[in-house]
Amino acid sequence: MRVFKFGGASVKDAKAVKNVANVLRETGFSNLLIIVSAMGKTTNALEKVVEYYLTQHPQLNTSIEDVYRYHYEILEGLFENKQHPIYKKIKGLFKDLETTLNRNKSKQYDYIYDQVVSYGEIFSTIIVSGYLNDQGYENEWLDARDFIKTDNAYRDAEVDWEITLQMIKNKVNKKTLSVTQGFIGSDQNNFTTTLGREGSDYTAGIFAYCLGADSVSIWKDVPGVLNGDPRVFENTQLLSHVSYEEAIELAFYGASVIHPKTIQPLQRKEIPLYVKSFLNPSGEGTSVKKGQPLDPYLPCFIVKKNQILLSLSSLNFSFIVEDNISEIFNLFHQYHIKVDLIQNSAISFSVCLDDRFDHFDELLNKLKSRFKVTYNKGVSLYTVRHFTNESIESLEKNKDILLKQITRETYQVVARGAE
């Protein structure tokens, strides 16, 4: 039993969807579960729909039509017969989306987000499943919301592992080809939830764990896991072998090629993870397994942009101690703000924050009543694992460094300046 995950870039147009069939031709397609993300930039487009809906923007209907037109063009490139039932099916789903918006009574952004943005994965998997069936890759379409059960923390839901394990083990046929969605689940009231942005990799980990899969393969538009994002860093190299521990470290610091939560369920059952290129299915790629050393052993560069550097100090020059820090972290948790770096002294406390849900300004009002607050928005957090003097020198060049932290294996700076 294998699990494959295809991201948005791998199904961004008709040519890309046809390439998915080519990958299956090379790799085989029996005893396989395929997880598919929304097509191309559909998630971004549906986020715009949510924004227009909540602000009653006159372009709301146009924004929905744009998403429909994009998917319709992909249908035309895959299904020449306009009478094919899939055209009616996709049109019906867009009607469902409009009905969802018309009937909604909630003003809660995160709830509305999950109900709307999740349609991207539904559109995508129905199209991919339909095309594969037409090409002779007989498959079963599964609704991930029937299997992955979560709490109701919309946009960042926690998986109920006990129920999810039961549903997947009992209802997924391991001997066939199945197609399902990444990123989405449902709560106890069957409202749609999402697992966090880029959560499709995590979905692959969940299904693989529950099915006891032999392996997970994530298909990307890069050769595998590189030692840096080639869009930011020069002369990047392919990492052939990475341990689970190293992959978790890289993901934690922000390496975008693997979702941070993906590794944990795989590690528990020692299920190998492969990161490969859908443009070159026979390429070596990267393997992530237990205990294997990093190969080649070289510095790994990571950048997280649009961060916030927050510094707090006491109003009366007293120490920042455990009680204060506990209070501060409770607020971070309450406002769903992720802490990426911590540095403290006797009377000050600095953190680099990822404000994924735009709650920082609300948090700020709370903090100002208790602390002296300074902050910088729009900074970048750079991390180098297994750093060398040369790698530090090249990274610091032409940057205004606001904070620096070095441990045995990891070097980090928060900076403004040239990328």
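Our subject is the structure that appears above.
Described below are features of the structure shown in this document. Fair warning: this is a prediction, and the values are worked out from it, not measured in the lab. (Residues numbered from 1 in each chain as written. Predicted model: local features only at pLDDT ≥ 70, side-chain atom pairs only at ≥ 80, totals over all residues. Heavy atoms only, no water.)

## Focus on the pattern of salt bridges
It is possible for side chains bearing opposite charge to pair when their charged atoms get close.
Here comes step 1: Per the stated rule, a full pass over the model turns up 19 salt bridges.
Here comes step 2: For Glu 158, the salt bridge identified is with Lys 261, shortest N-O distance 4.0 Å. Here Lys 261 lies in the loop between helix H9 (244–253) and helix H10 (263–268) and Glu 158 lies in the loop between strand E3 (140–141) and helix H7 (161–171), a separation of 103 residues in the sequence.
Here comes step 3: Residue classification places Glu 158 among the partly exposed residues on the basis of a relative accessible area of 46%. (Salt bridge = Lys/Arg side-chain N within 4 Å of Asp/Glu carboxyl O. Helix = DSSP H or I, 4+ residues; strand = E, 2+ residues; numbered from the N terminus. Buried < 20%, exposed > 50% of the residue type's maximum accessible area, 1.4 Å probe, protein only.)

## Digging into unusual backbone geometry
Most peptide bonds take the trans form, and the phi angle of most residues other than glycine is negative.
Here comes step 1: In this model, Asp 295 is joined to Pro 296 through a cis peptide bond whose omega is -5°.
Here comes step 2: Of note, Pro 296 is situated in the loop between strand E10 (286–289) and strand E11 (300–314).
Here comes step 3: In this structure, Arg 155 takes a positive phi of about 75° despite not being glycine.
Here comes step 4: Relative to the helices and strands, Arg 155 is located in the loop between E3 and H7.
Here comes step 5: Residue Arg 155 is classed as buried on the basis of its relative accessible area of 12%.
Here comes step 6: Within the chain, Asn 306 stands out as a residue other than glycine whose phi angle is a positive 55°.
Here comes step 7: Structurally, Asn 306 can be placed in strand E11.
Here comes step 8: The class for Asn 306 is exposed, based on a relative accessible area of 65%.

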